[in-house]
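# Analysis of the macromolecular model
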Amino acid sequence: MDSSPAADVVTLHPRGILFDMDGVLVSSIGSVERTWEAWAKARGIDPALAIRTAHGRRAIETVRQLRPDLNDMEELAWLERMEIADTGGLAMLAGVERILENLPEKYWTVVTSATEPLARSRMEYSGIRVPARIVSADVVKHGKPDPEPYRKGAELLGLSPAECLVIEDSASGAKAGHAAGCKVLATLYSHAPDSLSDADWIVHSLSDVRVRVAGDALEVRFTPVERKTSVAAG
């Protein structure tokens, strides 16, 4: 993937984009936090710890870490039902519609820590065009921050990770994209800039990003925010 700065503007030419869902395409933090708070209270766990542990990770891994004595699949099914039912505050995030409305599906997919039923439910409810194939929690052995999800995302598009741009909002997701060999653009929906050291660039939101088809690749333009922490090497 090549890039060329013009003044403060960064221009990239990836052949595909791998979008995280929660916090990148969809505002779902209310549903996520209410669900984990309810689960934590029912299971004798500090809700703040559960919420902090769960962010950007597969639910099943959070369950296994916090309550390894429980049946993880039964707990996952309960969490999934609660999250699907809780649509309060669920909405498409700013900038998403403009990017996706003219972006053919062959150029992008979604790589999420949510299960496939939950991911499709959230995107459909928010009015997002759902790709035919996505990478969800159900199809990987190791979730973020492991690189497996983003390697699978690149494979879905028929590309190498180096040809893909990952767009993330969480520290674990940025780490996963970087470890997979992708370039990573992070948004500031859920994390402060100093926690996103694995991202190559940071923007406030997708409202600050322009995407268009350019030949057999894409042109992605944005002005990154400044930060004091060093950018991870590509």
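Residues numbered from 1 in each chain as written. Predicted model: local features only at pLDDT ≥ 70, side-chain atom pairs only at ≥ 80, totals over all residues. Heavy atoms only, no water.

## So, the overall build of the protein chain
The test is simple: Runs of E in the DSSP output that reach at least two residues are strands. Runs of H or I that reach at least four are helices, and both are numbered from the N terminus. With C-alpha atoms as the basis for the radius of gyration, the globule rule is written as 2.2 Å multiplied by the number of residues raised to the power 0.38. By definition in these notes, contact holds between two residues if any of their heavy atoms fall within 4.5 Å. Accessible areas in this description were obtained via Shrake-Rupley with a 1.4 Å probe; residue shielding takes into account the shown protein chains only. Here Asp and Glu are counted as negative and Lys and Arg as positive; His is not counted, and neither are the chain ends. For the purpose of locating charges, the reference atoms are NZ of Lys, CZ of Arg, CG of Asp and CD of Glu.
In terms of regular secondary structure, the protein chain is built from 8 helices and 11 strands. Its C-alpha atoms give the protein chain a radius of gyration of 17 Å, near enough to 17 Å, the size a compact globule of 234 residues would have. Principal-axis analysis of the C-alpha atoms places the extent of the protein chain at approximately 55 × 40 × 30 Å. Long-range contacts, defined as pairs at least 24 residues apart, comprise 63% of the intrachain contacts of the protein chain with a sequence gap of at least 6. Total accessible area computed for the protein chain in this model is approximately 10300 Å², and 50% of it derives from carbon and sulfur atoms. On the protein chain, the mean spot of the 27 positive side-chain charges and the mean spot of the 34 negative ones are 1 Å from each other.

## Looking at unusual backbone geometry
With an omega of 15°, the peptide bond running from K144 to P145 counts as cis. Within the element layout of this structure, P145 appears in the loop between α6 (116-126) and α7 (148-156).

## Re the pattern of salt bridges
Where charged atoms of side chains with opposite charge meet at close range, the side chains can pair. Selection criterion: Definition used for salt bridges: Asp or Glu carboxyl oxygen within 4 Å of a side-chain nitrogen of Lys or Arg. Under the scheme applied here, a residue whose accessible area is under 20% of the maximum for its type counts as buried, over 50% as exposed, and between as partly exposed, the area being computed with a 1.4 Å probe on protein chains only.
Within the structure shown, the criterion is met by 14 salt bridges. Between E61 and R58 there is a salt bridge, with the nearest N and O atoms lying 2.9 Å from each other. Each of the two residues, E61 as well as R58, counts as buried. Each of D20, K144 and E168 takes part in salt bridges that share partners, so that together they form one network.

## Observations regarding the packing of aromatic side chains
For clarity, the threshold we go by: Aromatic pairs are defined between Phe, Tyr and Trp rings, using the six-membered ring for Trp, whenever the two ring centres lie within 6.5 Å; interplanar angles under 30 degrees are classed as stacked, those over 60 as edge-to-face, and all others as tilted.
Tallying each qualifying case throughout the model produces 3 aromatic pairs. When the centroid spacing of 5.8 Å and the interplanar angle of 85° are considered together, the rings of F19 and W108 count as edge-to-face. Taken together, the residues span a long stretch of sequence, with F19 in strand β3 (residues 16-19) and W108 in strand β6 (residues 108-110) at a distance of 89 residues. With relative accessibility at 1%, the residue F19 sits in the buried group. Ring centres of W201 and F222 lie 5.8 Å apart, and the angle between their planes is 65°; this geometry places the pair in the edge-to-face category. One end of the pair, W201, is in strand β9 (residues 201-203); the other, F222, is in strand β11 (residues 217-222), and 21 residues separate them in sequence.

## Concerning the confidence of the model for the protein chain
How we decide: pLDDT is a residue-level measure of predictor confidence that goes from 0 to 100.
Across the protein chain, the average pLDDT comes to 91, with 94% of residues at or above 70. Low confidence marks residues 229-234, where pLDDT is under 50. Its contacts with residues over four positions away, or in another chain, come to 15 contacts.

## Describing the pairing of strand β8 (residues 183-187)
Put simply, the rule reads: When the strands point away from the viewer and the connection leading from the first strand across the helix to the second strand turns clockwise, the crossover is called right-handed.
Most of β8 sits inside the fold, with 4 of its 5 residues counted as buried. Regarding topology, helix α8 (residues 171-180) serves as the crossover connection from strand β7 (residues 164-168) to the parallel β8, and that connection is right-handed.

## Some remarks on the packing of helix α2 (residues 47-54) against helix α3 (residues 59-66)
Rule in force here: Lines fitted to C-alpha atoms define the axes, with helix axes restricted to the stretch in contact, and inter-axis angles between N-to-C directions lie between 0 and 180 degrees. Here the word oblique covers every angle except those under 35 degrees (roughly parallel), over 145 (roughly antiparallel) and from 65 to 115 (roughly perpendicular). Crossing handedness is read from the near helix: turned anticlockwise from the far helix by less than a right angle, it gives a left-handed crossing, and turned clockwise, a right-handed one. Residue polarity is assigned by list, with Asp, Glu, Lys and Arg as charged and Ala, Val, Leu, Ile, Met, Phe, Trp, Tyr, Cys and Pro as nonpolar; anything else, Gly included, falls into the polar class.
Across the interface, α2 lies against α3 with an axial gap of 9 Å and an inter-helix angle of 135°. One way to sum up the angle between α2 and α3 is to call them oblique. For the pair α2 and α3, the sense of crossing is right-handed. Note on element contacts: α3 touches α2 through T62, Q65 and L66, opposite L49, A50, T53 and A54. Along the lines of polarity and charge, the residues of the contact of α2 with α3 split into 4 nonpolar, 3 polar and no charged.

## Here we look at the sheet that holds β9
Applied cut-off: A strand pair is defined by DSSP finding two or more bridges across the two strands.
Pairing is parallel across the open sheet formed by 5 strands, whose spatial order is β6-β3-β7-β8-β9. Bordering the open sheet on either side are β6 and β9, each of which pairs with just one other strand. Direction aside, neighbouring strands of the sheet carry axes that sit 20° apart on average. In terms of strand pairing, β3 meets β7 through 4 bridges, oriented parallel.

## Digging into α3
Owing to its 3.6 residues per turn, the α-helix aligns residues three or four sequence positions apart on the same side. Of all 8 residues in α3, 6 are buried, a share of seventy percent or more. Within α3 the residues assigned to the buried category are A59, I60, E61, T62, V63 and L66. The elements touched by buried residues of α3 are α1 (29-42), α2 and α4 (72-85).

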